[in-house]
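Here are the chains, one letter per residue:
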Amino acid sequence: MKKLLFGLVCLMCSQTASAQKELLQFDEANKYVYYQVVDKPGLTADTLYQRGLYFAKIANPKNKPENVVANAIITKGKFLVYTGSSVVKKEGGEISYTLFIETKDQKYRYKISDFVFTPYKRDRFGNMTAIPGVEVPLEKLTSKYSQKEADNYLAQTGAFCQATGNSLKQHMDKVSIARKAEPIKKVATDKW
């Protein structure tokens, strides 16, 4: 009974990891990309652009968003990926990416791409730090690492992209509320 239960748990975990990995697709240049087009009826391109710009500033506060094309935002960022089991988990490296958001009247699209993996190693102080000069595009991860490690990193990348997309959708759905100026309550201190 225990073996059957363990087998079912392992099967469910592998299916979840596979589902996260499958969120990533290949584009025309054979690079991994996470791409979505979302309809927003009733919203103008400028409104969607301002909301996307606000999201880009919050998502990557260290990097200033670029505006290369009208109604388009490009920002770059990084996130950590981990190795090991849930009990003995450590940083395996970081993955840098580019987020591209483009708006039109009543719809917007976003693309997360240009994934580059930088592995970490333990330094002399016991901290995990990036190995200088080693950068591996996510598409070539299996040539440098085992299939198990590559699948783990791809699954974490898919989960990150899905979470970022959900967060962007929440920011795009946000309705700005006009603030009312509340009257200032004054207290008469000269009367008892």
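Report follows, based on the coordinates. Since this is a predicted model, take the numbers as computed values, not measurements. (Residues numbered from 1 in each chain as written. Predicted model: local features only at pLDDT ≥ 70, side-chain atom pairs only at ≥ 80, totals over all residues. Heavy atoms only, no water.)

Looking now at the pairing of strand S2 (residues 32-39). The side chains of a regular strand alternate, residue by residue, between the two faces of the sheet. As paired elements, strand S1 (residues 25-26) and S2 share two bridges and run antiparallel to each other. Directly across from Gln25, in S2, lies its bridge partner Val33. What sits between the antiparallel neighbours S1 and S2 is a turn of five residues, in which Asn30 has the positive phi angle 55 degrees. When S2 meets strand S5 (residues 107-122), the two strands line up antiparallel, connected through six bridges. (Pairing = 2+ DSSP bridges. Helix = DSSP H or I, 4+ residues; strand = E, 2+ residues; numbered from the N terminus.)

Here we take up the pattern of salt bridges. In total, this model carries three salt bridges according to the counting rule given. Where Lys40 meets Asp173, a salt bridge forms, and the shortest distance between an N and an O atom there is 2.1 Å. Taken as a pair, Lys40 in the loop between S2 and helix H2 (45-59) and Asp173 in helix H4 (residues 147-173) lie far apart in primary sequence, 133 residues in all. Among the residues examined, Lys40 registers a relative accessible area of 16% and is labelled buried. Notably, a salt bridge pairs Lys78 with Glu94, separated by 3.4 Å at the nearest N-O pair. Of this pair, Lys78 sits in strand S3 (residues 72-83) while Glu94 sits in strand S4 (residues 90-104), and the two are 16 residues apart along the sequence. (Salt bridge = Lys/Arg side-chain N within 4 Å of Asp/Glu carboxyl O. Buried < 20%, exposed > 50% of the residue type's maximum accessible area, 1.4 Å probe, protein only.)

Another point: the packing of H2 against H4. At a minimum axis distance of 9 Å, the contact between H2 and H4 shows a crossing angle of 135 degrees. Looking at the two axes, H2 sits oblique to H4. In this structure, H2 crosses over H4, and the sense of that crossing is right-handed. Counted together, Leu48, Arg51, Gly52, Tyr54, Phe55 and Ile58 of H2 and Thr164, Ser167, Leu168, His171, Met172 and Asp173 of H4 form the full contact between these two elements. Among the residues making up the contact of H2 with H4, the classes are represented as six nonpolar, four polar and two charged. (Axes fitted to C-alpha atoms, helices over the stretch in contact; angles between N-to-C directions. Parallel < 35°, antiparallel > 145°, perpendicular 65-115°, else oblique. Left-handed = near helix turned anticlockwise from the far one by under 90°. Contact = heavy atoms within 4.5 Å. Nonpolar A, V, L, I, M, F, W, Y, C, P; charged D, E, K, R; others polar.)

On to the environment of Asp151, then. By the element assignment, Asp151 lies in helix H4. Put simply, Asp151 and Leu141 are 10 residues apart on the chain and 9.1 Å apart in space, counted from C-alpha to C-alpha.

Enumeration according to the criterion identifies nine aromatic pairs in this entry. Ring geometry for Phe79 against Phe160: centres 4.0 Å apart, planes inclined by 15 degrees, an arrangement best described as stacked. Of this pair, Phe79 sits in strand S3 while Phe160 is found in helix H4, placing the two residues 81 residues apart along the sequence. Each member of the pair, Phe79 together with Phe160, is buried. A ring pair is formed by Phe117 and Tyr145, whose centres lie 5.5 Å apart and whose planes are at 90 degrees; its orientation type is edge-to-face. With Phe117 in strand S5 and Tyr145 in the loop between helix H3 (141-144) and H4, this residue pair connects regions lying 28 residues apart in the sequence. With relative accessibility at 21%, the residue Tyr145 sits in the partly exposed group. Among the aromatic residues, those joined into a ring-pair cluster are Tyr34, Tyr108 and Tyr110. Over the ring of Tyr82 we find Lys89, and its NZ or CZ is 5.4 Å from the ring centre. We note Lys111 situated over the ring of Phe100; from NZ or CZ to the ring centre the distance is 5.9 Å. (Phe/Tyr/Trp six-rings, centres within 6.5 Å; stacked < 30°, edge-to-face > 60°. Lys NZ or Arg CZ within 6 Å of the ring centre and 35° of its normal.)

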